Amino acid sequence: MNYSRTIKLLTMVGLLFLPQLMNAQLLKGKVVGMSVDDAAVAYSPDGYLLNQKMFDLKVASDGTFTFDMPLENPTADVEIYFGENGIYGAHLVKGKTVEMTITVKDGKEEVTFKGPEADVSRFVNLSSKAFDSMKYSSMDPSAGRPNAEYRALLEENYNKVKAALPKIKNKQQREFYTRLSEGNYKWTKARLIMDDCEDKHVSTKDNAEMKELLKDIDVNDPINYRTNMSLTALNQMCKTEFGGSNEAMCYEQMDIVNKFVTLPALRNVMVRIIGQNYYLYGDGSGDYEEFTKRFKLFAGQDAAIVDGMYKNFLEVKKSKEKTAAGTPAPDITLDLPDGKQVQLKDIARGKFTYIDVWATWCGPCKKEIPFMAQLVERFKGNDKVQFISISVDENVDAWKKMIEADKPAWAQYNIHGAVNAQFSKDWGITGIPRFIMIDKNGNIFAADATRPSNEETAKTIEEQIK
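So, how was this worked out
Residues numbered from 1 in each chain as written. Predicted model: local features only at pLDDT ≥ 70, side-chain atom pairs only at ≥ 80, totals over all residues. Heavy atoms only, no water. Disulfide = S-S within 2.5 Å. Buried < 20%, exposed > 50% of the residue type's maximum accessible area, 1.4 Å probe, protein only. Salt bridge = Lys/Arg side-chain N within 4 Å of Asp/Glu carboxyl O. Helix = DSSP H or I, 4+ residues; strand = E, 2+ residues; numbered from the N terminus. Core = buried A, V, L, I, M, F, W, Y, C linked by side-chain atoms within 4.5 Å. Contact = heavy atoms within 4.5 Å. Expected span 1.5 Å × (residues − 1). Arc of directions from axis to C-beta. Phe/Tyr/Trp six-rings, centres within 6.5 Å; stacked < 30°, edge-to-face > 60°. Pairing = 2+ DSSP bridges. pLDDT = per-residue confidence, 0-100. Axes fitted to C-alpha atoms, helices over the stretch in contact; angles between N-to-C directions. Parallel < 35°, antiparallel > 145°, perpendicular 65-115°, else oblique. Left-handed = near helix turned anticlockwise from the far one by under 90°.

### Let's talk about the state of the cysteines
A covalent bond between the sulfur atoms of two cysteines is referred to as a disulfide.
Step number 1: This structure, assessed with the given rule, holds one disulfide.
Step number 2: Shown here is the disulfide that connects Cys362 with Cys365, its sulfur atoms set 2.3 Å apart. When the S-S torsion is 80 degrees, as for the bridge of Cys362 with Cys365, the disulfide is right-handed. Of the two residues, Cys362 and Cys365, neither departs from the other in class, the shared state being buried.
Step number 3: Between Cys238, a cysteine without a disulfide, and Cys250, which holds the nearest cysteine sulfur, the sulfur-to-sulfur distance is 8.4 Å.

Right, here's the structure in full:
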């Protein structure tokens, strides 16, 4: 099971965006000295990433903002995203207002809190930054740094977190955040091990460091559940690898869950993970009707989740059938940076076309951009092939800002809203990055093509443009 791939994709596409609930003020604050193009607040009722909901946060022209949401518990830790300025954290208290001020001056940043349990908010903010996944390895937009450098950065940040723990006044809260910090540290370290193993094309199951890290992990411990260590340990138990329909692997995962998992929340997550592995990552070649029957029995009270996944699987299956090689490529209207529009059918004709479907917020997408640039350079001047990127950013300004800064040497387009929804449905796209190949006659060559970083991609293009 490629757990690193699973968790990254779920992180990327699994967040539910909701409108901000205004008027009341669980959090109010001000940003001074930095511009904010877009902002959002991420909140999980039980603290687990896959259960996060993302709320829009409106920042006024003077930098002020207010935020409220229904809290299911007396307190909640949230993460606040201020566009490209990064991630911040805050500790909210039901029925009270936390005040937060972010000041940037002469390149230095200061974050202050006032209100209830401000000492905890200060710690949560530090911890959010220390364990921000975008800082480490392949999720880092800059990418390319040696794994050892990320390891050193993690140790440095964890030492800062540990040094800040004594500043939490309440003993019970201090003990909780001590355990939570250790869990976040272990998960980040586990992810770096996964990245290193992936780069070296070896299994994490044979990695001595990973085995030591997961030794004696109680998968039903709420802290291990919350920090992803439970899922990592369960993944390590599974001996069957990804491949084909993933049916055998999914059945083994069900057996492991039945044997070891008693925490209802963890079982719920495993139902979703197993469903993703079969319905999203599998090739559909198995007996999916029989699998679904057995999966629903396993899911028990979570059977409704299986019904939704199965329905979506059938829709995607239909899309794949409609996008078989040799069929006409579905048309869509594309927006250019200057606001003009073109039809995909008009530009994807007469040349072999390689399409990158991406977004500015997608770490794995950004990781492929340098390889896309290499492909463009490799076939520069060859009028038999063209390369285009289609952004699915809803924040069109963020897309324009990035391409203006990077100045890519190939055509850039955007789709959003209903157009993006139709495009995803037509092509059976359930996650990005996604790559598509269209032949010179406007017919589909590969609806789910290899990535630019895959050596086979250049070879395929060369074969098709001889």
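### As for the pattern of salt bridges
Step number 1: Under the criterion given, the structure shown has 16 salt bridges.
Step number 2: Between Arg191 and Asp195 there is a salt bridge; the shortest N-O distance is 3.5 Å. Within this pair, Arg191 and its partner Asp195 are both found in helix H4 (residues 171–200), separated by four residues, close to a single helical turn. For the pair shown, Arg191 and Asp195 are each scored as buried.
Step number 3: Note that Glu212 is salt-bridged to Lys215, the shortest N-O span being 3.2 Å.
Step number 4: Salt bridges sharing common partners tie together Arg151, Lys189 and Glu209.

### Section: the nonpolar core
In a soluble, globular protein the nonpolar side chains are often hidden away together inside.
Step number 1: Ranked by internal contacts, the top residues of the largest apolar core, which has 43 residues, are Leu231, Leu234, Leu266, Ile274, Tyr279, Phe291 and Phe295.
Step number 2: Among the elements of the structure, H4, helix H5 (208–214), helix H7 (229–237), helix H8 (247–260), helix H9 (264–280), helix H10 (288–299) and helix H11 (303–322) are those that each provide at least two residues to this core.
Step number 3: Considering each element in turn, this core owes the most residues, eight residues, to H9.
Step number 4: In contact with Phe291, not counting residues within four places along its chain, are Glu247, Cys250, Tyr251, Met254, Ile274, Tyr278 and Tyr279.
Step number 5: Formed by 28 residues, the second largest nonpolar core is a distinct cluster that contains Ile332, Ile355, Ile390 and Ile444.

### Concerning H10
Step number 1: If you check H10, its first and last C-alpha atoms are 16 Å apart, about what twelve residues at 1.5 Å a residue would give, namely 16 Å.
Step number 2: What H10 keeps buried is the set Tyr288, Phe291, Thr292, Phe295, Phe298 and Ala299. Down the axis, H10 shows its buried residues gathered within 120 degrees of arc, on one side only. Facing away from the buried side of H10, by more than 90 degrees, are the exposed residues Glu289, Lys293 and Leu297.
Step number 3: Elements in contact with the buried residues of H10: H8, H9 and H11.
Step number 4: Just past H10, the residue Gly300 takes up positive phi, approximately 60 degrees.

### A closer look at the packing of aromatic side chains
Step number 1: Inspection of the entire model under this criterion finds 25 aromatic pairs.
Step number 2: Between Tyr278 and Phe291, the ring centres sit 3.7 Å apart and the planes meet at 15 degrees, which makes this aromatic pair stacked. Taken together, the residues span a long stretch of sequence, with Tyr278 in helix H9 and Phe291 in helix H10 at a distance of 13 residues.
Step number 3: Its relative accessible area of 2% is what places Tyr278 among the buried residues.
Step number 4: With centroids separated by 6.1 Å and ring planes inclined at 35 degrees, the aromatic side chains of Phe379 and Phe387 adopt a geometry described as tilted.

### Side note on the environment of Val98
Step number 1: When you line up the elements, Val98 lands in strand E8 (residues 98–105).
Step number 2: In sequence terms Val98 and Thr66 are 32 residues apart; their C-alpha atoms lie 10.0 Å from each other.

### Observations regarding the pairing of strand E6 (residues 75–82)
Step number 1: Alternating residues of E6 divide into Ala76, Val78, Ile80 and Phe82, all buried, and Thr75, Asp77, Glu79 and Tyr81, none buried.
Step number 2: Here strand E3 (residues 39–43) runs beside E6; their pairing, made up of four bridges, is antiparallel. When the sheet's bridge partners are listed, Val41 is paired in E6 with Ile80.
Step number 3: Pairing geometry for E6 and strand E7 (residues 87–93), over seven bridges, is antiparallel. Note that in E7 the partner of Ile80 across the bridge is Tyr88.
Step number 4: The hairpin turn running from E6 into E7, its antiparallel successor, is four residues long, and Gly83 in that turn takes a positive phi close to 55 degrees.

### What about the environment of Glu315?
Step number 1: Mapped onto the fold, Glu315 is located in helix H11.
Step number 2: Residues Glu315 and Lys425, 110 residues apart in the sequence, show an inter-C-alpha distance of 8.1 Å.

### Here's the deal with the confidence of the model for the chain
Low-pLDDT portions of the prediction should not be read for the details of their coordinates.
Step number 1: Confidence in the prediction of the chain, expressed as mean pLDDT, is 89, and 93% of residues score 70 or more.
Step number 2: Mean pLDDT across the secondary structure elements of the chain bottoms out at helix H1 (residues 3–13), with 40, and peaks at helix H2 (residues 118–130), with 97.
Step number 3: Taken together, the stretch residues 1–23 has pLDDT below 50 and engages in 77 contacts with residues farther than four places along the chain or on a different chain.

### What to know about the packing of H7 against H9
Step number 1: It is at 11 Å that the axes of H7 and H9 come closest, and there the two elements cross at 55 degrees. As far as their axial angle goes, H9 and H7 are oblique. With respect to the hand of their crossing, H7 and H9 are arranged in right-handed fashion. Residues Ser230, Leu231 and Leu234 of H7 form the contact with H9, whose participating residues are Leu266, Val269, Met270 and Ile273.

### Some remarks on the sheet that holds strand E9 (residues 108–114)
Step number 1: Overall, mixed pairing links the four strands, which are arranged E5-E2-E8-E9 in an open sheet. Because the sheet does not close on itself, it has two edges, and the strands there are strand E5 (64–67) and E9. Adjacent strand axes in the sheet meet at a mean angle of 15 degrees, parallel and antiparallel pairs treated alike.
Step number 2: Of the pairings in the sheet, the one linking strand E2 (residues 27–32) to E8 comprises six bridges and is parallel in character. In the strand pairing of E8, Leu27 is matched with Val98.
Step number 3: Lying over the sheet, H2 contacts E8 and E9, oriented at roughly 145 degrees with respect to E9.

### Comments concerning unusual backbone geometry
Trans is the common state for peptide bonds, and a negative phi is the common state for residues other than glycine.
Step number 1: Cis geometry is found at the peptide bond from Ile432 to Pro433, where omega equals 5 degrees.
Step number 2: With respect to the helices and strands, Pro433 occurs in the loop between helix H15 (417–427) and strand E15 (434–438).
Step number 3: Of note in this structure, Asp106 is not a glycine but carries a positive phi near 55 degrees.
Step number 4: Among the structural elements, Asp106 can be located in the loop between E8 and E9.
Step number 5: Notably, Asp216 is not glycine yet its phi reads approximately 65 degrees, a positive angle.
Step number 6: Its relative accessible area of 72% is what places Asp216 among the exposed residues.

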